Amino acid sequence: LSELRPWLRGGAEKGGRVRCSRRVWVLLGSLTLIFLTSLFFSVSLRGGVGFNYLEPPGWEESRRVKLVPSYAGAHRLSPPDSQQQKTCACPRCVGDPGVSDWFDENYDPDISPVWTRDNVQLPSDVYYWWVMLQPQFKPHSIQQVLLRLFQVIPGRSPYGSWDPGRCLRCAVVGNSGNLRGAGYGATIDGHNYIMRINLAPTVGYEEDAGSHTTHHFMYPESAKNLATNVSFVLVPFKTLDLVWITSALSTGQIRFTYAPVKQFLRVDKDKVQVFNPAFFKYIHDHWTRHHGRYPSTGMLVLFFALHVCDEVNVFGFGADSRGNWHHYWEQNRYSGEFRKTGVHDADYEAQIIQRLAKAGKITVFPGK
Ligand code: C5P
């Protein structure tokens, strides 16, 4: 302003410059106003409903879970003593922020647990981590393999955003021997989603393990045929696993990975889902925190449930007295194998389960 003052005091010849400087000020003011308005809209749209018009097409589809109130945002926006907004209709909701700082800091509702047409491309850090889990001699192009797979299965996420009017109750059922004689069958069967892992037989174990299943998580070497109303969630550890599932649902050319695998798999093709490697790495980074080479399938399923359900109840998790992973239906010859190889850290995983229970995010049914 001090530099403008001589102009304002000046004569007619300076009048043009004064008008010019006024125009500059008006222009600057308008630009500032436009900038502040767009900033306001951008922030409120991101924080309010998670929609960002700068993202590429298909973004809303691929990250539908983001439609829930963002944890960080919700945390910042709510005054400390106000009533927290509930994300579901259950007595306690997994998604409710402000219950545990540890949980809120690590929980990322933006990562889809399912690998779909909308998130085919893996971030490069995820890609390099994932391809080294079970390295292959003959690498395939992941994208080509996935696109071929998505001609056979839907390749879409069936999970919606959180709904304050919904109470989706999920049972995550591990394979621990602690289920034997526990009598949890009816309780497990009373859930909306019942998630089982690998072999997990129910026939003959109904009293203890229940009889219903909605989701069955398996990898090629552990896969079995499923009833038509069950969703098969493939947990892939290598690109060959994607080639295998495509083949097992169509031509049957793959019979061997590092072990014999089923040539054909009888499952409902329309219900097949693929576990997202980015979500796999997120669990390794945020939750198991690099303890063990990678998280156990049970951990993967538990966090899958924590990202699609409103209430999570946990059954059949827990080692035997020697710290090995025994099974409820057999004398598991390989129960201590993971300890020798260091592939999973059972003790650390048990601590996380305890911590989640303490934070009120899950309820653990301890078994016998
Ligand atoms: O043995 P399996 O890998 O089929 O078991 C599925 C999951 O159940 C494991 O990945 C582990 O997380 C959990 N489990 C457990 N305690 C056991 C057996 C299995 O926590 N005794």
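Above this text is the structure in question.
The text that follows walks through the structure, step by step, so that each part is easy to find. (Residues numbered from 1 in each chain as written. Predicted model: local features only at pLDDT ≥ 70, side-chain atom pairs only at ≥ 80, totals over all residues. Heavy atoms only, no water.)

Notes on the site of the ligand
With respect to spatial proximity, 13 residues lie near the ligand, and among them Asn 175, Ser 296, Gly 318, His 326 and His 327 are the closest. Here an oxygen atom of the ligand and a side-chain polar atom of Ser 296 are 2.9 Å apart. Compared with its free state, where it exposes 450 Å², the ligand has 90% of that area covered by protein. Cavity membership is defined here by more than half of the atoms lying within 2 Å of grid points; on that basis the ligand lies in the largest pocket. Looking at side-chain class alone, the shell around the ligand contains 3 nonpolar, 10 polar and no charged residues. (Near = heavy atom within 4 Å. Polar contact = N/O pair within 3.5 Å; in protein donor to acceptor, adjacent residues only side chain to side chain. Areas by Shrake-Rupley, 256 points an atom, 1.4 Å probe, with all protein chains shown as cover. 1 Å grid on protein atoms, 1.4 Å probe; cavity = no way out; pocket = protein on both sides within 12 Å on 5 of 7 lines; lining within 4 Å. Sits in = over half its atoms within 2 Å of the grid points. Nonpolar A, V, L, I, M, F, W, Y, C, P; charged D, E, K, R; others polar.)

Side note on the sheet that holds strand β6 (residues 311-315)
Pairing within the open sheet is parallel, and its 7 strands lie in the order β5-β4-β3-β2-β1-β6-β7. Two strands in the sheet have a free side with no partner beyond their single neighbour: β5 (273-274) and β7 (362-365). Alignment of strand β1 (residues 169-173) against β6, held across 5 bridges, turns out to be parallel. Across the sheet, the residue bridging to Arg 169 is Glu 311, located in β6. Its contacts with the sheet place helix α10 (residues 239-248) against β4 (231-234) and β5, and it is angled at close to 150 degrees to β4. (Pairing = 2+ DSSP bridges. Helix = DSSP H or I, 4+ residues; strand = E, 2+ residues; numbered from the N terminus. Contact = heavy atoms within 4.5 Å. Axes fitted to C-alpha atoms, helices over the stretch in contact; angles between N-to-C directions.)

As for helix α14 (residues 346-358)
Taking 1.5 Å of rise per residue, the 13 residues of α14 would be expected to cover 18 Å, and the 18 Å separating its terminal C-alpha atoms lies within 8% of that figure. In this structure Asp 345 caps α14, since a side-chain oxygen of it lies 3.2 Å from the backbone nitrogen of Asp 347. Phi for Gly 360, located one or two positions after α14, is positive at around 80 degrees. (Expected span 1.5 Å × (residues − 1).)

Some details on the layout of surface pockets
The computed volume of the largest pocket comes to approximately 1,300 Å³. Along the walls of the largest pocket sit 50 residues, with Asn 198, Tyr 219, Trp 325, His 327 and His 344 positioned nearest its centre. A total of 6 residues in the lining of the largest pocket trace back to one element, the largest contributor, which is α14. Taken together, the residues of the lining of the largest pocket sort by class into 21 nonpolar, 21 polar and 8 charged. (Points joined across faces, edges and corners; volume = space filled by probe spheres on them.)

Examining the packing of aromatic side chains
A full pass over the atoms with the stated rule returns 25 aromatic pairs. An aromatic cluster is present here, built from Trp 129, Tyr 159, Tyr 193, Phe 217, Tyr 219, Phe 237, Phe 275, Phe 279, Phe 280, Tyr 282, Tyr 294 and Phe 304 joined pairwise through their rings. (Phe/Tyr/Trp six-rings, centres within 6.5 Å; stacked < 30°, edge-to-face > 60°.)

Some remarks on the nonpolar core
If you look at the biggest cluster of nonpolar residues, it comprises 79 residues, and the most contacted ones within it are Phe 232, Trp 244, Phe 275, Val 312 and Leu 356. At 9 residues, the largest contribution of residues to this core is made by helix α12 (residues 297-308). Once you skip the residues sitting within four places of it in the chain, Phe 275 turns out to touch Pro 113, Trp 115, Phe 217, Val 233, Leu 234, Val 235, Pro 236, Phe 280, Ile 283, Leu 300 and Phe 304. Core analysis: the next-biggest nonpolar cluster, separate from the first, contains 12 residues, Leu 179, Ala 182, Ala 209 and Phe 315 among them. (Core = buried A, V, L, I, M, F, W, Y, C linked by side-chain atoms within 4.5 Å. Buried < 20%, exposed > 50% of the residue type's maximum accessible area, 1.4 Å probe, protein only.)

Observations regarding the packing of α12 against α14
Interhelical geometry of α12 versus α14 gives an angle of 25 degrees and a closest axis separation of 11 Å. By the angle class used here, α12 and α14 are roughly parallel. Between α12 and α14 lies a crossing of left-handed hand. Where α12 abuts α14, its residues Met 299, Leu 302, Phe 303 and Leu 306 lie against Glu 349, Ile 352, Ile 353 and Leu 356. A breakdown of the residues in the contact of α12 with α14 according to their chemical character gives 7 nonpolar, no polar and 1 charged. (Parallel < 35°, antiparallel > 145°, perpendicular 65-115°, else oblique. Left-handed = near helix turned anticlockwise from the far one by under 90°.)

Some words on the state of the cysteines
Per the counting criterion, the structure on display carries 3 disulfides. What pairs with Cys 88 in a disulfide is Cys 93, and their sulfur atoms sit 2.1 Å apart. On the S-S bond that ties Cys 88 to Cys 93, the torsion sits near -95 degrees, and the link is left-handed. Take Cys 88 and Cys 93: they sit in the same class, and that class is buried. The residue that forms a disulfide with Cys 90 is Cys 167, at a sulfur-sulfur distance of 2.0 Å. (Disulfide = S-S within 2.5 Å.)

What about unusual backbone geometry?
In the Ramachandran plot, Asn 198 falls in the positive-phi region, its phi being about 50 degrees despite a non-glycine side chain. Its place among the elements puts Asn 198 in the loop between β2 (193-197) and α9 (206-209). For Asn 198, a relative accessible area of 15% gives the class buried. Here the phi dihedral of Ala 200 falls at roughly 25 degrees; this positive angle occurs in a residue that is not glycine. With respect to the element layout, Ala 200 can be found in the loop between β2 and α9. What makes Ala 200 buried here is its relative accessible area of 3%.

Observations concerning the side chain of Thr 257
Looking at where Thr 257 falls in the secondary structure, it is placed in the loop between α10 and β5. Polar contacts involving the side chain of Thr 257 include one to the side chain of Glu 221, which spans 2.5 Å. In this structure Thr 257 touches Glu 221, Lys 238, Leu 240 and Asp 241, once residues within four positions along its chain are discounted.

Topic: the pattern of salt bridges
Tallying each qualifying case throughout the model produces 10 salt bridges. Lys 281 is paired through a salt bridge with Asp 125; the nearest N and O atoms lie 3.7 Å apart. With Lys 281 in helix α11 (residues 277-287) and Asp 125 in helix α6 (residues 124-131), this pair connects stretches of sequence that are 156 residues apart. The class for Lys 281 is buried, based on a relative accessible area of 12%. Here Arg 322 ties to Asp 320 by a salt bridge, and the two come within 4.0 Å at their closest N and O atoms. The class of Arg 322 is exposed, set by a relative accessible area of 65%. Residue classification places Asp 320 among the buried positions, given a relative accessible area of 18%. Taken together, the shared-partner salt bridges in this structure form one network comprising Asp 125, Lys 281 and Asp 285. (Salt bridge = Lys/Arg side-chain N within 4 Å of Asp/Glu carboxyl O.)

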